[in-house]
Amino acid sequence: MMGNLRRVSLRWIQWRLFTVLQRQIGLLVFLLHFIYIVDGQIRYSVPEEMKKGSVIGNVAQDLGLDVKRLRSGRARIVTGENVQYTELNTDKGILLVNERIDREQLCGDTTPCSFSFELILENPMELHRITVEVLDINDHAPVFPSKDKSIRFEVSESAAIGVQFPLQTAEDLDVGQNALKDYVLSPNDNFILKQHVNPDGSKNIEMVLQKPLDREQRPNLHFKLIALDGGTPQRSGSVNIDVTVLDANDNIPVFNQSVYKASVVENTIKGTSVITVNATDADSGSNGLIAFSLSKTKGSAADIFSIDNSTGTIYVFGEIDFEKQKKYEVRVEAKDQGGLIGTSKVIVDVVDINDNAPVISVMSFSSPILENAPVGTTVAILNIKDADSDKNGRIKCSLEGNIPFRIELSLTNYYNLILDQELDRESVADYNITIKATDFGSPPLTTSTKLHLKVSDVNDNAPVFDKSSYSAYIMENNPPGYSIFAVCSRDSDWNQNARISYFLEDTQVNGNPVSAYISLNAETGVLTALRSLDYEQIKEFQLVVKAQDGGSPPLSSNVTVKILIQDQNDNPPQILYPVQTSGSMVAEMVPRSADVGYLVTKVVAVDVDSGQNAWLSYKLQKATDRALFEVGLQNGEIRTIRQVTDKDAVKQRLTVIVEDNGQPSRSATVIVNVAVADSFPEVLSDFTDFSQKEYNENLTFYLVLALAVVSFLFITCLVVIISVKIYRWRQSRILYHSNLPVIPYYPPRYSDTLGTGTLPHVYNYEVCRTTDSRKSDNKFCGTGSQNVLIMEPSSTGTMQRMHNEKNILDEPDSPLEVSAEKEMKRGSVIGNVAQDLGLDLKKLRSGRARIVSEESVQYVELKADKGLLVVKERIDREQLCAQDGGSPPLSSNVTVKIQIQDQNDNPPQILYPVQTGVSMVAEMVPRSADVGYLVAKVVAVDVDSGQNAWLSYKLQKAAERALFEVGLQNGEIRTMRQVTDKDAVKQKLIVIVEDNGQPPRSASVSINVAVADSFSEVLSDYPNFPHDKEYNENLTFYLVLALAVVSFLFITCVVVIVSVRIYRWRQSRILYHSNLPVIPYYPPRYSDTLGTGTLPHVYNYEVCMTTDSRKSDANFSRAGSQNLLNMAPSSTGTTQRLQSEKSILDELDSPVEI
């Protein structure tokens, strides 16, 4: 019988499995691939227990994102769970399984089961929520709490039919269709199974007695309780039931309520009473004694509560947390001594309290932020959660302080920190942002976090000078390299944007650029004089200094600096009268009858200095008779101070010194010869030593001047001749020399200038051009009184402009225009930029030449190694220029700007001391010089810019290194110790000047130093100093000889040129009167001046030109009263009529093709 029961049970289970399998296959396949998007969120459904690496879905495709966007935005998954079940493959944009997903462990009996996480992208920030629903699979069989132990019942044999025996329910961790569905009791004669469905869907099972027991026949009964789920394949669990038949106890305990309800506050301490249940038993004696117990149920309720078995009071036994479990269901059993059991259910609701503060998590934070970031920029993304429920879990987020930010809710539990006002780094460089999250519980709980946001600088402040203008003073005759003044400016920006460089603007001083007088240190703003200034030439001048920061783009400001030159007493007085001559002597006559105060003469002098340096005083330095004459201190008048007597000598020699008031003062002397006599013969008798001979001191000067003039004329003549020959040679190369016979065309009549001749019709010229020219081929002039088309006779495929017009490439500021066909392949050559701009390929590479375009697409790129401009991107003329077909057409252009950066390609240039190969100059150092005595100053400049122009000075070699040193920055040579008598007179120093470029460049200068107190001491040790030598006595002879030779060559050249010109003129006259026959070409018919002849049709001339010529070949003047077509007779590629070909002019209506 047991075998039959087993076969029936097995068949019944197989049938149930087959029917359930058919219903679930379609639903499972559909759910595995079902993806939908709601409110910007993605939801995937996957079965549990998928292998690691299994594909969940294509995030990039479902969000409409490019895979490149995922990589560039550093897409990442942010989840609040301890275990990250998924991972994102940014290379393919797919979502993969990262960890084993157990639905029962993740959600328990909650359905549907899902977990959510966020996908964050940056630059710009994006936030997407992804929800993954975990579908249950039938991976758990129903399990009874005591599957290893049998369920034992002791039933009185007097138990009435229909008595119910509650059985333990099985637990199946699966949900839905895979959850517990049915119970089956193995076949027996006495008991059947009765099932009760609770409101929550669970089932209570009872074993009902359907046939009275007979202990004498069967004292013990054994059968199985089988629990079946609804999964595919179907799983089952079983437990053994052992029934012991007792003597009669026919009343079971009965509870006064079938369901008890209670509530408990979370975090209630252990031992707290929750509720007391009550049950009664109608039996008496030991059968009426009731013991309470909690039945073993699924979940953790048995670990949370305990019951007093005698009183039925339920106590808190474990920790109650609302966030973990919101409600507990407990089954209470009341059992009498006879083994009868009554049951009831207790439902305990957990009351939430505000015991969890909000939790702030910074998901993304952008620091630093540009100060010019637009309002609305997302600075940070925050995740704020509160584990409490209802109002205890509601959060209010706020910012502390008055800061230019606001916080907004984006997704659930996600907040964005957004820029609300414009930033200014110069005002506030960083912000300490305190974000506070407060819930609505009682009392409210608050959590805060701080973010330190730095503001990065943008170049939005130009340098500002301390003053609106500056004035600086410098004494004239300053040494080159003298520091005049330093300008100062400040920039409110930071770092590179605040690094200021100073530049001199291009201004003129006396017709010369200001850079010829003043140099400006780009780093320090120090103005340095490059040359010695002269007050008498320039009294003051102005220059403009530009301060430019290092930002991109750079900002600048200007300031005017006024340089005032102060006068120095560097000019001695100049004596205007009396005039001193070396050839003759002039004497002032004083009669012997002159009284006291007689005005002998007046010394007139001037001083080109100014101020007190020009105040002159006159003194009598020496005189034959000091008691006879005196000189006015202020006016220079020489007067007698006593009566002239006969004893006074006739010859009186006075030496007058004129002195200015400068410090130190300068002076000049003049000798005044005074003759004290009444007659001129008396004077001659005493002035016999006057020089009577006149030497022609200007002979050498005039000889040199004549030689220079004649040499200049001769060289100019040679240059002109060579230039003319080269010009004609180039013209001959341009023209094509053809030996074909020419049959010129002579019209029988020609129209006059009044427009009434033989060409009454309009001539139309169609100009064809190609687009590979470096320049335009046509120069379109304004309308005029004459239309002239000049054709070069030797033109063979191109048209050249015959007029001497300036090539636009000769203009440095003219833009380079290059034409390119549309739809050219990538890499096609557009033009040779290096050749067209006249740049060297090395200059392009060393200068890091690059293309700067304001367009979003860079259509061209520069090959710096070859100097070629090539196509980088496809060029669509209609897309780029968008030239419409209207009249006039509208279009747009693009400008290519090539910036050349500086390279350290220039060594320093030493301005002082000047090195000459003819003479040697030595600096004098007295032996009494102290430590730090300034010997000389080396002045150098570097035409490079930036750090390539920063110069440093070093002493490379010295006769005695312990005596001299050189300032590293200023180049000043000073003594390091006291000069002694043991030091050699002759000291040679070699100073090297090096710039700061990479690699550095340098220059050296040799300085001779003489350690001596007098010049005679120097000469003894410097025998190579040039001494005064006697003039070459043959100088005049050589000058005369050179003048004669050059004059002869010049005259010979002139004669030859004149002879050649006369010969050519005579040849042209001979050819002009030649009787050689000319065979002109005449059309068969030709129109007269009234327009009634053979030219009734309009003649069209098609002018075809190529664009590889460097000049325009045609000049179109404005329309006038005369139409001229000048055709060169020797043209071999235009409209010539060859002897072997039929002329196109023979056809009446054929166009002339040029």
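What counts and how
- Residues numbered from 1 in each chain as written.
- Predicted model: local features only at pLDDT ≥ 70, side-chain atom pairs only at ≥ 80, totals over all residues.
- Heavy atoms only, no water.
- Helix = DSSP H or I, 4+ residues; strand = E, 2+ residues; numbered from the N terminus.
- Buried < 20%, exposed > 50% of the residue type's maximum accessible area, 1.4 Å probe, protein only.
- Contact = heavy atoms within 4.5 Å.
- Areas by Shrake-Rupley, 256 points an atom, 1.4 Å probe, with all protein chains shown as cover.
- Pairing = 2+ DSSP bridges.
- Axes fitted to C-alpha atoms, helices over the stretch in contact; angles between N-to-C directions.
- 1 Å grid on protein atoms, 1.4 Å probe; cavity = no way out; pocket = protein on both sides within 12 Å on 5 of 7 lines; lining within 4 Å.
- Points joined across faces, edges and corners; volume = space filled by probe spheres on them.
- Disulfide = S-S within 2.5 Å.
- pLDDT = per-residue confidence, 0-100.
- Phe/Tyr/Trp six-rings, centres within 6.5 Å; stacked < 30°, edge-to-face > 60°.
- Salt bridge = Lys/Arg side-chain N within 4 Å of Asp/Glu carboxyl O.
- Lys, Arg positive; Asp, Glu negative; His and termini not counted.
- Polar contact = N/O pair within 3.5 Å; in protein donor to acceptor, adjacent residues only side chain to side chain.
- Patch = residues over 30% accessible without salt bridge, like charges linked within 9 Å, V, L, I, M, F, W, Y side chains within 5 Å.
- Charge placed at Lys NZ, Arg CZ, Asp CG, Glu CD.

A short note on the overall build of the chain
Here is step 1: A tally of helices and strands in the chain yields 13 helices and 73 strands.
Here is step 2: When each of the 1154 residues of the chain is scored for burial, the buried share is 37%.
Here is step 3: For the chain, the proportion of contacts with a sequence separation of at least 24, taken over those separated by at least 6, is 69%.
Here is step 4: Surface summary for the chain: the accessible area is close to 67,100 Å², and the carbon and sulfur share equals 52%.

A short note on the sheet that holds strand β48 (residues 616-623)
Here is step 1: Pairing in this open sheet of four strands is mixed, and the strands run β45-β52-β51-β48 from one edge to the other. For this open sheet the edge positions go to β45 (587-590) and β48, each flanked by a neighbour on one side alone. Direction aside, neighbouring strands of the sheet carry axes that sit 35° apart on average.
Here is step 2: Pairing geometry for β45 and strand β52 (residues 667-676), over four bridges, is parallel. Across the sheet, residue methionine 589 finds its bridge partner in β52, namely alanine 675.

With respect to empty space enclosed by the protein
Here is step 1: Per the counting criterion, the structure on display carries two cavities of 30 Å³ or more.
Here is step 2: Along its surface, the largest cavity is lined by Ile77, Thr79, Glu81, Val83, Gln84, Tyr85, Thr86, Phe115 and Phe117.

Let's talk about the environment of valine 316
Here is step 1: Looking at the secondary structure, you find valine 316 in strand β22 (residues 313-316).
Here is step 2: On the basis of relative accessible area, valine 316 is assigned to the buried category, the value being 2%.
Here is step 3: Excluding residues within four positions of it along the chain, valine 316 makes contact with Val264, Thr268, Ile269, Lys270, Gly271, Thr272, Val274, Ile304 and Phe305.

Some words on the sheet that holds strand β40 (residues 518-520)
Here is step 1: Pairing is antiparallel in the open sheet, where three strands are placed in the order β35-β41-β40. The open sheet is flanked by β35 (483-486) and β40, the only strands paired with a single partner. Pairwise comparison of adjacent strand axes, ignoring direction, gives a mean angle of 25° for this sheet.
Here is step 2: The pairing of β35 with strand β41 (residues 526-529) spans three bridges and is classified as antiparallel. In the strand pairing of β41, phenylalanine 485 is matched with leucine 527.

Things to note about the state of the cysteines
Here is step 1: The tally for this structure, following the rule as stated, stands at one disulfide.
Here is step 2: The disulfide bridge from cysteine 107 ends at cysteine 113, spanning 1.8 Å between sulfur atoms. One quick way to see it: the torsion about the S-S bond of cysteine 107 and cysteine 113 is about 70°, and its sign makes the bridge right-handed.
Here is step 3: Taking the relative accessible area as the measure of exposure, cysteine 107 reaches 17% and is therefore buried.
Here is step 4: A residue is classified by how much of its surface remains accessible, and cysteine 113, at 2% relative accessible area, is buried.
Here is step 5: This cysteine, cysteine 1053, is not joined by any disulfide, and cysteine 717 carries the nearest cysteine sulfur, 3.3 Å off.
Here is step 6: According to the relative accessible area criterion, cysteine 1053 is buried, its value standing at 12%.

Here we look at the pairing of strand β69 (residues 1002-1011)
Here is step 1: For β69, the tally of buried residues reaches seven of 10 residues, placing the bulk of the element in the interior.
Here is step 2: Where strand β62 (residues 922-925) lies against β69, four bridges are found, and the strand directions are parallel. Across the sheet, residue methionine 924 finds its bridge partner in β69, namely alanine 1010.
Here is step 3: Relative to β69, strand β68 (residues 986-995) runs antiparallel, the two being bridged by nine bridges. If you follow valine 991 over to β69, its bridge partner there is valine 1005.
Here is step 4: Connecting β68 to the antiparallel partner β69 that follows it, the hairpin turn spans six residues.

Observations regarding the confidence of the model for the chain
For any part of a model where pLDDT is low, the fine detail of the predicted coordinates should not be relied upon.
Here is step 1: Model confidence for the chain is summarised by a mean pLDDT of 77, while 74% of its residues fall at 70 or above.
Here is step 2: Considering only residues more than four positions removed or in separate chains, one finds that residues 1024-1032, a stretch of pLDDT under 50, has eight contacts.
Here is step 3: Taken together, the stretch residues 1078-1154 has pLDDT below 50 and engages in 226 contacts with residues farther than four places along the chain or on a different chain.

Re the packing of aromatic side chains
Here is step 1: Applying the stated rule across the entire model yields 13 aromatic pairs.
Here is step 2: With a centroid separation of 5.5 Å and an interplanar angle of 80°, the aromatic rings of phenylalanine 305 and tyrosine 328 are classed as edge-to-face. With phenylalanine 305 in strand β21 (residues 305-307) and tyrosine 328 in strand β23 (residues 327-336), this pair connects stretches of sequence that are 23 residues apart.
Here is step 3: Relative accessible area serves as the criterion here: at 2%, phenylalanine 305 is assigned to the buried category.
Here is step 4: A relative accessible area of 5% places tyrosine 328 in the buried class.
Here is step 5: Aromatic pair phenylalanine 465 and tyrosine 470: ring centres 6.4 Å apart, planes at 75°, arrangement edge-to-face.
Here is step 6: Through pairs of rings, three or more aromatic residues link up here, namely Phe153, Phe165, Phe191 and Phe223.

Details of the pattern of salt bridges
Side chains carrying opposite charge are able to pair once their charged atoms draw close together.
Here is step 1: This structure, assessed with the given rule, holds 27 salt bridges.
Here is step 2: Between aspartate 420 and arginine 406 there is a salt bridge, with its nearest N and O atoms 2.8 Å apart. Of this pair, aspartate 420 sits in the loop between β30 (414-419) and β31 (430-439) while arginine 406 sits in strand β29 (residues 405-409), and the two are 14 residues apart along the sequence.
Here is step 3: Residue classification places aspartate 420 among the partly exposed residues on the basis of a relative accessible area of 35%.
Here is step 4: Using a relative accessible area of 29% as the deciding quantity, one classes arginine 406 as partly exposed.
Here is step 5: What emerges from the salt-bridge pattern is a single network uniting Glu49, Arg100 and Asp102.

Overview of unusual backbone geometry
Here is step 1: Between tyrosine 577 and the following residue, proline 578, the backbone shows a cis peptide bond with an omega angle of 0°.
Here is step 2: A cis geometry characterises the amide bond from glutamine 663 onward to proline 664, with omega recorded as -5°.
Here is step 3: Tracing the backbone shows proline 664 in the loop between β51 (651-660) and β52.
Here is step 4: Located in the positive-phi region is arginine 74, a residue other than glycine, with phi close to 50°.

Observations concerning the side chain of aspartate 388
Here is step 1: Assignment of secondary structure puts aspartate 388 in the loop between β27 (378-385) and α6 (390-393).
Here is step 2: One buried charged residue, aspartate 388, forms no salt bridge at all, with the nearest opposite charge on lysine 326 at 9.9 Å.
Here is step 3: A polar atom in the side chain of aspartate 388 sits 2.9 Å from the side chain of asparagine 356.
Here is step 4: The contacts of aspartate 388, once residues within four sequence positions are left out, are Glu323, Asp352, Ile353, Asn354, Asp355, Asn356, Gly393 and Asp439.

Some points on a positive patch on the surface
Here is step 1: Taken together, the side chains of Lys725, Arg728, Arg1061 and Arg1064 define a basic patch exposed on the protein surface.
Here is step 2: At the level of elements, α8 (699-734) and α13 (1035-1072) are the ones that each hand at least two residues to the positive patch.
Here is step 3: Tracing the chain through its elements places lysine 725 in helix α8.

Quick notes on a nonpolar patch on the surface
Here is step 1: A surface patch of nonpolar side chains, about 630 Å² in accessible area, is lined by Phe701, Tyr702, Leu705, Val709, Phe712 and Leu713.
Here is step 2: One can find tyrosine 702 in helix α8.

Looking at the environment of asparagine 510
Here is step 1: By secondary structure assignment, the location of asparagine 510 is in the loop between β38 (508-509) and β39 (512-513).
Here is step 2: On the basis of relative accessible area, asparagine 510 is assigned to the exposed category, the value being 56%.
Here is step 3: For the pair asparagine 510 and glutamine 537, spaced 27 residues apart in sequence, the C-alpha to C-alpha distance is 9.2 Å.
Here is step 4: Residues in contact with asparagine 510, not counting those within four places in the same chain, are Tyr517, Gln537 and Ile538.

Comments concerning the environment of isoleucine 226
Here is step 1: Among the secondary structure elements, isoleucine 226 is positioned in strand β14 (residues 220-229).
Here is step 2: A residue is classified by how much of its surface remains accessible, and isoleucine 226, at 17% relative accessible area, is buried.
Here is step 3: In the structure, isoleucine 226 is positioned 13 residues away from valine 239 in sequence and 6.8 Å away in space, judged by C-alpha atoms.

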